[in-house]
Amino acid sequence: MRTDDDSWDITESVGATAIGVAAMRAHETRRDDAVFRDPYAEKLVAAVGSESWGRMLAAKPRSDRERLGSAYVNGVMGHFLVARTVYFDEYFADAVADGIRQIVILASGLDARAYRMRWPSGTVIFELDQPKVLEFKATALADSAPAADRREVPIDLRQDWPKALLDKGFDPSRPTAWLAEGLLRYLPGAAQDQLLANLVELSAPGSRMALNIGTGERALSPELRERRAKALAEAGIRIDLEQLWYPWEDRRDPREWFAEQGWRVSPGDPEIVLATHGRTVPEEARPDMGTHILMTAIRPRGDDTL
Ligand SMILES: C[S@@+](CC[C@H](N)C(=O)[O-])C[C@H]1O[C@@H](n2cnc3c(N)ncnc32)[C@H](O)[C@@H]1O
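The model shown is predicted, which means the values in this text are computed figures rather than measured ones.

## Section: the site of the ligand
Move 1: Inspection of the region around the ligand gives 22 residues, with Trp-8, Ala-107, Asp-129, Leu-157 and Glu-181 positioned closest.
Move 2: Contact between the ligand and Trp-8: an oxygen atom at 2.8 Å from a side-chain N or O atom of the residue.
Move 3: Asp-129 has a polar side-chain atom sitting 2.6 Å from an oxygen atom of the ligand.
Move 4: Burial of the ligand by the protein chains amounts to 99% of its free accessible area of 590 Å².
Move 5: The leading source of residues in the shell around the ligand is helix α1 (residues 13–29), at five residues.

What follows is the structure in structure tokens.
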């Protein structure tokens, strides 16, 4: 059961979802036809030291058809997770190509972009997450050097995170590329509104935002839902996403929200993202893909025409 001030480490509650996403990235990385490579993901998941996740990591990459019925990390949800990783990687690559050097990753979890992506010199990356989650990642990657000036901001995103961010040297006069990947449904609607309002206030003209959010209940067929639950239970993993998520109905659609703020919104399509990388989404996974919003938004500079 969620509460307004709950907290967690990497093995508990919302924290454990970060392991699931990293396990998927590790799994994708091992495919011969991987559409991205995250060499840190396997190390991070292994550092959790859990037999269950270890078993899942050790599973041989299989065909999409087999994968669909096999497990959560490499099943239906896996296709969306792969798509969103590529989409956000490209978003950051575009942002730095356009001269942005200030990056903020909200709810960074086990995201290793600060380590694995190419960042121009002078790039500062702020990572915000619960203190214990950041501590875990810092320990697990202690012998790796980030590829940018990486600054941790241990904070609950329902609290006064702008102050904590400013205290770490965030400069609101410079354009920023923000990311909220796999975060918003873990916040109540009011906390989402507050978070986005704070973010807009801290965004100089030319700043941009990328996010994803699942809408409503998953459109998994009862059969797929059961297969997913069974596969997870067999692996000894207990994550009940539906218990950790706050309702979709209590919140604004971020696409409309950003458009109302005068930001230029571009919706993304996970199927197209995968198709441009040569990956076809199996028929069974399509309904679930359709329940996820992927978007970027840009705050126009004064001289931009809308
Ligand atoms: C599904 S994981 C996503 C992690 C990362 N963005 C990724 O995609 O790999 C959700 C993350 O959100 C973080 N999170 C959720 N609610 C939060 C809150 N109120 N304050 C800080 N972190 C939060 C969790 O700790 C966890 O790391």
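And the narrative resumes.
## Considering the environment of Val-21
Move 1: On the secondary structure map, Val-21 appears in helix α1.
Move 2: Owing to a relative accessible area of 14%, Val-21 belongs among the buried residues under this scheme.
Move 3: Sequence separation between Val-21 and Gly-182 is 161 residues; the distance between their C-alpha atoms is 8.8 Å.
Move 4: In contact with Val-21, not counting residues within four places along its chain, are Leu-81 and Arg-84.

## Things to note about the side chain of Arg-116
Move 1: Of note, Arg-116 is situated in helix α6 (residues 113–116).
Move 2: We classify Arg-116 as buried; its relative accessible area is 19%.

Rules used in this analysis
- Residues numbered from 1 in each chain as written.
- Predicted model: local features only at pLDDT ≥ 70, side-chain atom pairs only at ≥ 80, totals over all residues.
- Heavy atoms only, no water.
- Near = heavy atom within 4 Å.
- Polar contact = N/O pair within 3.5 Å; in protein donor to acceptor, adjacent residues only side chain to side chain.
- Areas by Shrake-Rupley, 256 points an atom, 1.4 Å probe, with all protein chains shown as cover.
- Helix = DSSP H or I, 4+ residues; strand = E, 2+ residues; numbered from the N terminus.
- Buried < 20%, exposed > 50% of the residue type's maximum accessible area, 1.4 Å probe, protein only.
- Contact = heavy atoms within 4.5 Å.

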